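# A look at the structure
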Amino acid sequence: METTTNGTSFSNKKFTIPAVSDVEHQQASMELEPTNDVNYSKRSQWLRAAVLGANDGLVSTASLMMGVGAVKQDIKAMILTGFAGLVAGACSMAIGEFVSVYSQLDIELAQMKRDKQRDENRETSDEEEEKGKEGEKESLPNPLQASAASALAFSVGAMVPLLAASFIKEYKVRVGAVIGAVSLALLVFGWLGAVLGKAPTVRSAVRVLVGGWLAMAITFGLTKLIGLSGL
């Protein structure tokens with residue numbers, strides 16, 4: 001027991017005061033958490049777009065190969081058709097994405113210019129202006145990056161049926177290999193898209209699989225019908 005000068009006594013208990021460094025560390029960790037969430041969100045959007053582009057390349061190229069395979073059993077014709085679909089689809093995706101994202105960039109730059117003219121009459125500090133400019137620059141889309149990513153994703157998907165059919169000369173086995181490889185890839189792409197979009201995985205994977213089957217079946221059936229009619 002300790003006694004003060006005025007007679008009042010206090011118990012002999014130890015009180016610990018957190019160090020300043022610990023408090024600063026906690027504040028720094030709390031400030032870093034929102035930044036990680038933002039980066040993860042942007043990364044998820046890019047991954048989901050890549051999965052959708054790959055799925056597009058997979059279905060369109062496989063449908064083309066199945067359509068040509070319905071009237072010509074030659075492996076060369078089937079592979080050349082798939083390769084032409086890969087190149088044409090990748091170029092189309094890249095150009096379309098470039099034009100779309102560049103249009104979005106022009107709109108955002110015009111909006112930034114209007115905001116700058118509107119804010120000229122307002123009193124803002126230099127720090128606030130610098131932070132605003134940095135945030136706007138980081139949020140601007142990149143047309144070249146978007147077009148390259150779209151073309152690459154399409155090409156990756158289109159390579160699946162091409163590789164499945166490249167080394168099989170027997171017609172029926174080759175068609176079965178293409179259908180099997182495409183079906184497996186459709187399930188994987190459907191599952192990835194559902195995970196990144198936080199949707200039910202089984203339902204999404206089955207929906208993507210059935211859609212791919214329908215696309216290949218319709219292309220095969222109509223091309224077979226036209227081939228039998230002698231057009």
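Residues numbered from 1 in each chain as written. Predicted model: local features only at pLDDT ≥ 70, side-chain atom pairs only at ≥ 80, totals over all residues. Heavy atoms only, no water.

### Structural notes on the pattern of salt bridges
Across all of its chains, the model carries 1 salt bridge by this definition. Where Asp115 meets Arg118, a salt bridge forms, and the shortest distance between an N and an O atom there is 3.1 Å. Residue Asp115 and its partner Arg118 are located together in helix H2 (residues 75–119), separated by 3 residues, close to a single helical turn. Given the relative accessible area of 17%, Asp115 is considered buried. Residue Arg118 is classed as partly exposed on the basis of its relative accessible area of 48%. (Salt bridge = Lys/Arg side-chain N within 4 Å of Asp/Glu carboxyl O. Helix = DSSP H or I, 4+ residues; strand = E, 2+ residues; numbered from the N terminus. Buried < 20%, exposed > 50% of the residue type's maximum accessible area, 1.4 Å probe, protein only.)

### So, the UniProt feature "transmembrane region" (unreviewed entry) in the chain
Per the UniProt record, "transmembrane region" (unreviewed entry) is found at residues 77–95, 148–168, 175–196 and 208–227. Summarising residues 77–95: 100% helix, 0% strand, and an end-to-end C-alpha distance of 27 Å. Across residues 148–168 one finds 86% helix and 0% strand; the C-alpha atoms that close the span lie 31 Å apart. (UniProt positions renumbered as here; feature names shortened; annotations may be inferred.)

### Points about the environment of Thr201
Locating Thr201 in the fold gives a position in helix H6 (residues 201–228). The spacing of Thr201 and Trp191 is 10 residues in sequence and 5.3 Å in space, taken between C-alpha atoms. Aside from chain neighbours lying at most four places away, what touches Thr201 is Trp191, Ala194 and Val195. (Contact = heavy atoms within 4.5 Å.)

### Remarks on the packing of helix H5 (residues 171–196) against H6
In contact at an axis separation of 7 Å, H5 and H6 are set at 145° when each is read in the N-to-C sense. Crossing hand, H5 versus H6: right-handed. Across the interface between the two elements, Tyr171, Val182, Ser183, Leu186, Leu187, Gly190, Trp191, Ala194 and Val195 of H5 pack against Thr201, Ser204, Ala205, Val208, Leu209, Gly212, Trp213, Met216 and Phe220 of H6. Classifying every residue of the contact of H5 with H6 by side-chain character gives 13 nonpolar, 5 polar and no charged. (Axes fitted to C-alpha atoms, helices over the stretch in contact; angles between N-to-C directions. Left-handed = near helix turned anticlockwise from the far one by under 90°. Nonpolar A, V, L, I, M, F, W, Y, C, P; charged D, E, K, R; others polar.)

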